[in-house]
Amino acid sequence: MASPSDRADRAARAPLAERVEQLLAGEGPLPIVAAGEPVLRRGTEPFDGQLEPALLARFVEALRVTMHAAPGVGLAAPQVGVELRIAVIEDPAPVTEEVRLARGRVPQPFRVLVNPSYEPLGTARAAFFEGCLSVPGWQAVVARHAQVRLRAEDETGRTVDEVFTGWPARIVQHETDHLDGMLYLDHAELRSLSSGRAMAERWAQPTPEAAAAALGFPLP
Ligand code: ZN
């Protein structure tokens, strides 16, 4: 039987599960919130069963569908207005061999990251343009750890403890940062900020060296 404090605890949690239920009541991809919405800046609660397993499974599936539709290579719960420490990643990496080699952009299968955190391995940094579904229309160069150790759980509660390098390391850092209320712009080279049009017309090269020279920002 639940103690009174358990019951109070559950009552306090109910609104979150109810909000997720409401969110999932609609069909198709979920709406993605854009920069300026406080939910992207508040940080998240660790996941510890706030959603029953069946609801968690539906929520994760909705994140996957929304990420695919966007399309994007990662999506964090706050980006759909939910303050839970949950993100999904998946990257089919449809890029040329030249880009794959320069950026380390190798395919990353679908993964659910529950309560992820990362720490850098070594001091190497890699700087590339990246974008965010919550900052539509823009990209900027971010120097990130080239290699990180990710600790998390998967959607079944199994422990994840893995080393990520190349583009998957970038995705893991970007999505985990969302769960701490950060956006990639917080640590981007702001002088590199480029519109989608500038990206297509000028900065499609495998590395940001030409952009750094032309726009005047440093690379590691
Ligand atoms: Zn993002």
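So, a few notes on the structure that sits alongside this text. Quick caveat: nothing in here was measured; it's all calculated off a predicted structure.

Every regular strand shows the same layout, with side chains that alternate between the two sheet faces. The sheet contact formed by strand β6 (residues 147-153) and strand β7 (residues 159-165) spans seven bridges and is antiparallel. Paired with Val-148 across the bridge in β7 is Phe-164.

So, about the coordination of the zinc ion. Looking at the metal site, the zinc ion is ligated by Cys-132 (SG), His-174 (NE2) and His-178 (NE2), spaced 2.0 to 2.3 Å from it. Each donor residue of the zinc ion lies on the same chain, and together they follow the pattern C-x41-H-x3-H. Remark: His-174 occurs in helix α4 (residues 166-179) and Cys-132 occurs in the loop between β4 (125-130) and β5 (138-145); sequence separation between them is 42 residues. Its relative accessible area of 8% is what places His-174 among the buried residues.

Using the criterion set out here, one finds 16 salt bridges in the structure. One salt bridge in this structure joins Asp-186 and Arg-41, with 2.7 Å as the shortest N-O distance. Of the two residues, Asp-186 is situated in the loop between α4 and β8 (188-195) and Arg-41 in the loop between α1 (4-25) and α2 (53-69); the sequence distance between them amounts to 145 residues. By relative accessible area, which is 40% here, Asp-186 ends up partly exposed. Its relative accessible area of 42% is what places Arg-41 among the partly exposed residues. Salt-bridge contacts for Arg-151 lead to Glu-119; the nearest nitrogen and oxygen are separated by 2.8 Å.

On to the sheet that holds β6. As summarised here, the arrangement of the five strands in space is β1-β2-β3-β6-β7, forming an open sheet in which the pairing is antiparallel. The open sheet terminates on both sides in strands that have one partner only, identified here as β1 (74-76) and β7. Recorded for the sheet is a direction-independent mean angle of 40° between the axes of neighbouring strands. Alignment of β1 against strand β2 (residues 86-91), held across three bridges, turns out to be antiparallel. Its bridge partner being in β2, Leu-75 is matched across the sheet by Val-88. On top of the sheet, α2 reaches β1, β2 and β3 (108-120); it is set at about 40° to β2, its chief contact. Contacts from α4 reach β1, β2, β3, β6 and β7 within the one sheet, and its direction differs from that of β2 by about 155°.

Here His-187 shows up in the loop between α4 and β8. On a C-alpha basis, the gap between His-187 and Val-142 in space is 6.4 Å, while along the polypeptide they are 45 residues apart. Non-local contacts of His-187, meaning those with residues more than four positions away in its chain, are made with Val-142, Arg-144, Asp-177 and Met-182.

Cut-offs and rules
Residues numbered from 1 in each chain as written. Predicted model: local features only at pLDDT ≥ 70, side-chain atom pairs only at ≥ 80, totals over all residues. Heavy atoms only, no water. Pairing = 2+ DSSP bridges. Helix = DSSP H or I, 4+ residues; strand = E, 2+ residues; numbered from the N terminus. Donors = N, O, S within 2.8 Å, 3.2 Å for Na, K, Ca; no water. Buried < 20%, exposed > 50% of the residue type's maximum accessible area, 1.4 Å probe, protein only. Salt bridge = Lys/Arg side-chain N within 4 Å of Asp/Glu carboxyl O. Axes fitted to C-alpha atoms, helices over the stretch in contact; angles between N-to-C directions. Contact = heavy atoms within 4.5 Å.

Purely geometric stuff here, so don't read any function into it on its own.
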